[in-house]
Structure formats: structure tokens, C-alpha cells
Amino acid sequence: MSEGTFAPKPGAAPLPRMIRAQATLETRTLLRNGEQLLLTVVIPTLLLVLFSAVDIVDTGAGERVDFLAPGILALAVLSTAFTGQAISTGFERRYGVLKRLGASPLPRWGLMTAKTCSVLVIELLQVVLLTVVALALGWSPHGNPAAVLLLLVLGTAAFSGLGLLMAGTLRAEATLAAANLVFILLLIGGGVIVPLDKFPDGARDVLGLLPVSALSDGLRDVLQHGAGMPWGDLGILAVWSVLGLAAAARFFKWE
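First, a word on scope: everything that follows refers to the structure included in this document. As the structure is a prediction and not an experimental result, all values here were calculated from the model.

Brief notes about a nonpolar patch on the surface
Item 1. Taken together, the side chains of Leu31, Val121 and Leu125 define a hydrophobic patch exposed on the protein surface, amounting to about 240 Å² of accessible area.
Item 2. Judged by its relative accessible area of 48%, Leu125 falls in the partly exposed class.

Some words on the packing of helix H6 (residues 145–169) against helix H9 (residues 211–223)
Angle between the axes and distance between the axes are the two parameters that describe a pair of packed helices.
Item 1. Running from amino to carboxyl end, H6 crosses H9 at an angle of 170°, the nearest separation of the two axes being 10 Å. Considering their axes alone, H6 and H9 lie roughly antiparallel with respect to each other. Contacts between H6 and H9 involve Ala147, Val148, Leu151, Leu152, Gly155, Phe159 and Leu162 from the first element and Pro211, Val212, Leu215, Gly218, Leu219, Val222 and Leu223 from the second.
Item 2. Split into classes, the residues belonging to the contact of H6 with H9 amount to twelve nonpolar, two polar and no charged.

Here we look at the environment of Ala174
Item 1. Within the secondary structure layout, Ala174 lies in helix H7 (residues 172–189).
Item 2. Residue classification places Ala174 among the partly exposed positions, given a relative accessible area of 35%.
Item 3. Sequence spacing of Ala174 and Gly96 is 78 residues, and the spatial spacing of their C-alpha atoms is 17 Å.

Things to note about the pattern of salt bridges
Item 1. In the structure shown here, the tally under the stated rule is six salt bridges.
Item 2. Between Glu173 and Arg94 there is a salt bridge whose closest N-O contact spans 2.4 Å. In this pair, Glu173 sits in helix H7 while Arg94 sits in helix H3 (residues 64–94), placing the two residues 79 residues apart along the sequence.
Item 3. Taking relative accessible area as the criterion, Glu173 reaches 34% and is therefore assigned partly exposed.
Item 4. Under the relative-accessibility criterion, Arg94 is labelled partly exposed at 49%.
Item 5. Across the pair Asp201 and Arg204 runs a salt bridge whose closest N-O atoms are separated by 2.9 Å. Within this pair, Asp201 and its partner Arg204 are both found in helix H8 (residues 201–207), separated by three residues, close to a single helical turn.

Conventions used here
- Residues numbered from 1 in each chain as written.
- Predicted model: local features only at pLDDT ≥ 70, side-chain atom pairs only at ≥ 80, totals over all residues.
- Heavy atoms only, no water.
- Patch = residues over 30% accessible without salt bridge, like charges linked within 9 Å, V, L, I, M, F, W, Y side chains within 5 Å.
- Areas by Shrake-Rupley, 256 points an atom, 1.4 Å probe, with all protein chains shown as cover.
- Salt bridge = Lys/Arg side-chain N within 4 Å of Asp/Glu carboxyl O.
- Buried < 20%, exposed > 50% of the residue type's maximum accessible area, 1.4 Å probe, protein only.
- Axes fitted to C-alpha atoms, helices over the stretch in contact; angles between N-to-C directions.
- Helix = DSSP H or I, 4+ residues; strand = E, 2+ residues; numbered from the N terminus.
- Parallel < 35°, antiparallel > 145°, perpendicular 65-115°, else oblique.
- Contact = heavy atoms within 4.5 Å.
- Nonpolar A, V, L, I, M, F, W, Y, C, P; charged D, E, K, R; others polar.

See below:
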């Protein structure tokens, strides 16, 4: 039998194809998970509709939806990049899925890249849905789309690093409880629905340094007030991104 009879040639697939296949699998898994969809899609949409329609929180002058829509977009990034990713990765680590994937031809950094791509796909769907709902409620966005995109990318990086750090260092049950608790606390105190100026001065200064506060304030400055690049908020997000991703890379335990 002559050489070259067998096809296809044995060996690992090209790296981009492996990452694409893993990202597709991660995205399908997230979309089929009812609890994740509730957290990432249903809850932000309901909060946007409820607080835009009912005068529960004083959002200042102007239409309530103009204040709420940027904050809900920040909440969507938080729910997907941090809470959802932390919980799913934590249980994958507990069940040994990450350990087995780490021994596959796909390198570990490729697996994390695939997870990040999956998060970005889900966030894109969230942004489209929330934008359509907000526009239907009378939202009038302004500002530079490039600034919005940069804020969302840095926010995703910051929350992804923190979510992976939590998933890679805590037990799955502890990650589940802690991620949901952080989600609730940041929903209340991160400037998403309640303006930060409603808090005392000392607390406001501390809360303003949180990544969700920087993301929601930055989006609000651009989309509601038509500001240029919100460099202060971008700087805060950049610091959280570097610290979170570096800590996740250093302390993540695959077993």
C-alpha cells in the first residue's frame, strides 16, 4: 500500500479551528442552560422594563430609560462575564471537565480564549436585545460608538478575570453563593439602578472605584450625556482588567 493512502492525515486540527469549535460548544451550552438565560437575559430585561415604567427610584431629570439603559447594559456584562462564567467554570472544574480539556490538544490558554469568545457572543445578543427594548421604551442614546465598544471590552475583560479567579480558587458551591451575592450587591450599590449620588460621600467614593460603577458611569456619560472618551472610567476598568486577569492566570487551579 503506497504512502498517503489514509485520509484524513492523523493529528490535531489547526489551533484556530479548535478554538472556534470549543467556543461554539461553550456558546451552545450557555444558551441551553435555563438558569444562565434567566440571569443573563431575562433579569436585565425585566429590570429595564420595570424601572423604566414605574417611578420607583429617583433617576434625576430626563427620561428614566435614558439613565437606566446604560446601567442595565453594564449589568448584562456583569451577569455574563462574571457571574455566569464564574459559576459554569467553577462546576466544570469540580466535575473534572477542565482537567480533561487541559489534557486535550487544545492548550489551556486556547480554552480560556474560547470561553472569552463565548462570553462575547452572549454579550452581543444581550446588547442587541436590550437596545431594542430600550428604544421601544423611548431611549435616545448619544455619543461615540467607539467609546461604548471600548468600555464594553474593558468591562468584559475585568469581569472575566475576576470570575475566572473566583472559579479557579473557590469550591464550586462557594463560587455559586459568592457570585450570586456579588451580583446582587453590585446591582444595588454599583450605580446600575440607584444613582451613586444617593449614597453618602464616603461610600460614594469607594463605590465609584468598582468596575461595574466605572462601566455604568462611563456608558451613561457617553450614551446619556454625549461625552467623549470617559478616560477616568476607562482607567479604572483597565486596572481591574490587568489585576483580575493576572491574578486568574497566577492562582487558577485546574483540579
